[in-house]
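Residues per chain are reported as follows:
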Amino acid sequence: MGRGGAGRVEIDRAALVHNIREFRRLIGRKRLFLGVVKANAYGHGLVETGRIAAAEGVDWLGVNSAAEGAALREAGVGVPVLVLGYVPLADLEEAVERDLRLTVYNRETVKALASLARRTRRTVRLHVKVETGTWRQGIVPRDLAAFVREARKSPGLVVEGLSSHFANIEDTTRHDYPRLQLDCYRTACRDLEAGGLSVPIKHMSCTASTILFPEPDFNLARVGIGLYGLWPSKETYLSASLEKREPPSLRPVLAWRARVAQVKKAPAGAFVGYGCTYRTTRPTTLAVVPVGYSDGYDRRLSNAAHVLIKGRRAPVRGRVAMDFVMADVTDIPGVRLEDEVTLLGADGRERIAAEDLAALAGTIGYEVLARINPLIPRVVV
Ligand SMILES: Cc1ncc(COP(=O)(O)O)c(C=O)c1O
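Residues numbered from 1 in each chain as written. Predicted model: local features only at pLDDT ≥ 70, side-chain atom pairs only at ≥ 80, totals over all residues. Heavy atoms only, no water.

J.: Help me out: how do you make sense of the overall build of the chain in this one?
T.: Per the secondary structure count, the chain includes twelve helices and 20 strands. Against the compact-globule benchmark of 21 Å for 381 residues, the chain has a radius of gyration of 23 Å, which places it among compact chains. Each principal axis of the C-alpha distribution contributes one length, and for the chain these read about 80 × 50 × 35 Å. Looking at the chain residue by residue over its 381 residues, the buried ones come to 53%. (Helix = DSSP H or I, 4+ residues; strand = E, 2+ residues; numbered from the N terminus. Rg over C-alpha atoms; globule rule 2.2 N^0.38 Å. Buried < 20%, exposed > 50% of the residue type's maximum accessible area, 1.4 Å probe, protein only.)

J.: Even after reading the chapter, I still don't get the nonpolar core, so can you show me in this structure?
T.: One recurring pattern in soluble globular proteins: nonpolar side chains tend to sit buried together. In this structure, Leu113, Trp256, Tyr297 and Leu344 are the most contacted members of the largest nonpolar core, which totals 116 residues. Per element, the largest residue contribution to this core is six residues, and it comes from helix α1 (residues 13-27). Discounting residues that sit within four places of it in the chain, Tyr297 has contacts with Trp256, Val291, Gly292, Ala305, His306, Val307, Val316, Val320, Val325, Leu343 and Leu357. Ranked by size, the runner-up nonpolar core spans seven residues in total, among them Ala270, Tyr278, Val288 and Met326. (Core = buried A, V, L, I, M, F, W, Y, C linked by side-chain atoms within 4.5 Å. Contact = heavy atoms within 4.5 Å.)

J.: I'm lost on the packing of aromatic side chains in this one. Help?
T.: Scanning the model with the defined rule gives six aromatic pairs in all. Consider the rings of Phe166 and Phe213, whose centres lie 6.0 Å apart with planes at 80 degrees: the pair is edge-to-face. Taken as a pair, Phe166 in the loop between β7 (157-163) and α8 (176-194) and Phe213 in the loop between α9 (207-212) and β9 (220-223) lie far apart in primary sequence, 47 residues in all. With relative accessibility at 5%, the residue Phe166 sits in the buried group. The exposure class assigned to Phe213 is buried, which follows from its relative accessible area of 3%. A ring pair is formed by Trp231 and Tyr237, whose centres lie 4.7 Å apart and whose planes are at 80 degrees; its orientation type is edge-to-face. Using a relative accessible area of 14% as the deciding quantity, one classes Trp231 as buried. Clustering of aromatic rings is evident, with ring pairs tying together Tyr42, Tyr228 and Tyr366. (Phe/Tyr/Trp six-rings, centres within 6.5 Å; stacked < 30°, edge-to-face > 60°.)

J.: Looking at this structure, I do not really get the sheet that holds strand β4 (residues 81-83). What am I missing?
T.: Sheets are built from strands paired through backbone hydrogen bonds, the pairs being either parallel or antiparallel. An order of β8-β7-β6-β5-β4-β3-β2-β9 is seen for the eight strands of this open sheet, with the pairing classed as parallel. Edge positions in the sheet fall to β8 (201-203) and β9, since each of these pairs with one other strand and no more. Between one strand axis and the next, the sheet turns by 30 degrees as a mean value, whatever way the strands run. Where β7 and β8 come together, three bridges link them in parallel fashion. When the bridges of β8 are listed, Gly161 appears paired with Ile201. (Pairing = 2+ DSSP bridges. Axes fitted to C-alpha atoms, helices over the stretch in contact; angles between N-to-C directions.)

J.: Help me understand the side chain of Thr285 in this model?
T.: Here Thr285 lies in strand β14 (residues 284-289). A polar contact is formed between the side chain of Thr285 and the side chain of Lys265, at a distance of 3.4 Å. Contacts of Thr285, omitting those with residues within four sequence positions, involve Val263, Lys264, Lys265, Ala327, Asp328, Val329 and Thr330. (Polar contact = N/O pair within 3.5 Å; in protein donor to acceptor, adjacent residues only side chain to side chain.)

J.: Help me out: how do you make sense of the layout of surface pockets in this one?
T.: In this approach, a probe sized like a water molecule rolls over the atoms, and the result shows the empty space that is left. Each pocket or cavity is described by its volume, and for the largest pocket that value is around 1,100 Å³. Elements with a minimum of two residues in the lining of the largest pocket: α2 (38-42), α10 (234-242), β18 (340-347), β19 (350-352), α11 (354-361) and α12 (365-370). Here the lining of the largest pocket is composed, by residue class, of 26 nonpolar, 14 polar and ten charged. Each of domain 1 (31-242) and domain 2 (254-380) contributes no fewer than three residues to the lining of the largest pocket. (1 Å grid on protein atoms, 1.4 Å probe; cavity = no way out; pocket = protein on both sides within 12 Å on 5 of 7 lines; lining within 4 Å. Points joined across faces, edges and corners; volume = space filled by probe spheres on them. Nonpolar A, V, L, I, M, F, W, Y, C, P; charged D, E, K, R; others polar. Domains from an automatic or database assignment.)

J.: Would you mind going over the site of the ligand with me for this structure?
T.: Residues in close proximity to the ligand total 14 residues, the closest being Lys38, Tyr42, Thr207, Arg222 and Tyr366. Take Thr207: an N or O atom from its side chain is 2.5 Å from an oxygen atom of the ligand. Contact distances for the ligand include 2.7 Å between a nitrogen atom and a side-chain N or O atom of Arg222. Expressed as a share of its isolated accessible area of 390 Å², the protein-covered part of the ligand is 93%. (Near = heavy atom within 4 Å. Areas by Shrake-Rupley, 256 points an atom, 1.4 Å probe, with all protein chains shown as cover.)

J.: Could you clarify how one ought to interpret the environment of Leu357 in this entry?
T.: Within the element layout of this structure, Leu357 appears in helix α11. Here Leu357 falls in the buried class, since its relative accessible area comes to 4%. Taking C-alpha positions, Leu357 is 8.5 Å from Asp298, a pair spaced 59 residues apart along the chain. Apart from residues no more than four positions distant in its own chain, Leu357 is found in contact with Tyr297, Leu301, Ala305, Leu343, Leu344, Ile352 and Val368.

J.: It is not clear to me how empty space enclosed by the protein should be interpreted in this structure. Could you clarify?
T.: Counted by the stated rule, this structure contains four cavities of 30 Å³ or more. The space that makes up the largest cavity amounts to roughly 100 Å³. Along its surface, the largest cavity is lined by 13 residues, and Gly296, Tyr297, Asp298, Glu367 and Val368 are the ones closest to its centre. Looking at the lining of the largest cavity, the elements that each hand over two or more residues are α11 and α12. Reported here for the second largest cavity is a volume of approximately 70 Å³. Looking at the second largest cavity, the residues that line it are Val83, Gly85, Tyr86, Val87, Leu92, Leu102, Thr103, Val104, Tyr105, Asn106 and Thr109. Examining the composition of the lining of the second largest cavity, we find that three residues originate from one element, strand β5 (residues 101-104), more than from any other. For the lining of the second largest cavity, the class distribution of residues is seven nonpolar, four polar and no charged.

J.: Explain the packing of helix α3 (residues 46-55) against helix α4 (residues 66-74) here, please?
T.: When two helices pack together, their arrangement is given by the angle between the helix axes and the distance between those axes. One way to put it is that α3 packs onto α4 with a least axis distance of 10 Å and a crossing angle of 60 degrees. Overall, the two elements α3 and α4 adopt an arrangement that is oblique. Note that α3 runs across α4; the crossing there is right-handed. The segment α3 lies against α4, with Leu46, Val47 and Gly50 engaging Glu68, Ala71 and Leu72. When the residues that make up the contact of α3 with α4 are grouped by side-chain class, the tally is four nonpolar, one polar and one charged. (Parallel < 35°, antiparallel > 145°, perpendicular 65-115°, else oblique. Left-handed = near helix turned anticlockwise from the far one by under 90°.)

Distances and angles like these do not, on their own, reveal function.
Right, here's the structure in full:
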């Protein structure tokens, strides 16, 4: 049973495999390819996506939380899993039991892990995050050597990786800020090495930098949005074209489909939906679609987006409600109860892209995908 009529999210296996191959081509065989599957694999289904990625040669998976890592393990996914987010001290034990690698940037976390490693006689692999200018997680470079030294002193703790993250690579075609961050990261690596504290796995890349900065000194790339067939931004696409890099060909992986819950005829002059924000100008046939903002269909798409029915565009009329949206099918003859509705993805020659909905809702494709309610069934097709 799904979430009422909120339909299903289809994962196009062939498209996902295609995107994986495109990024493998960019990353090469000598570097590790980490597929970022946090946020329910950007809405695509953590387990479904994780299994396909691991089977198709993605070396590592990246999650946000210990719970996501545990779900992958429960599903039998055995590849190395790196937790990119914050693991509360109370959840560290589960993370260690599940053999998850952890991104660390707090002394308290390292201390707790040291005592867990001693008690459980397990090896815990750490990836220390360096602050290079994003001012999110990370240890400032001047404290890095002491942090790494302390972690390495504890039996059972292995400092396996050194990571950082770009702040401003997707939003612009000017890349001086990421270049500054790169310099900062490289200096931090060199300083550590000079102090006899070299760390084997270095990683800073996301989708945009994997395409734009094929830096030879990183040995792992963390690819998220590109796996799912989206460009991080128009600016990234433009930058790749300007720099004459052969852009990867990316194929969107996700389609969101539901079924018509009612077909009804409204007279000219009828108000549609909450707030009476739309008034019909002619006798109008409406398809009621049982999907709303609680499913992740953004309320800002009210009176703005289209859905696809019978391969044709039907405009959304009135406000998107918590569980319903109405579409105008007056110009699409023969629409019946339970006909298929495509909210996102292709139907025939028409397609609604995540970027289209993002532009209408004033956000980015990442958010449109990541907010599709995880309770809606994911089906691999
Ligand atoms: C730490 C980290 N690495 C990698 C990624 C992947 O970024 P992208 O989806 O742009 O490839 C993310 C995504 O937000 C991230 O937070």
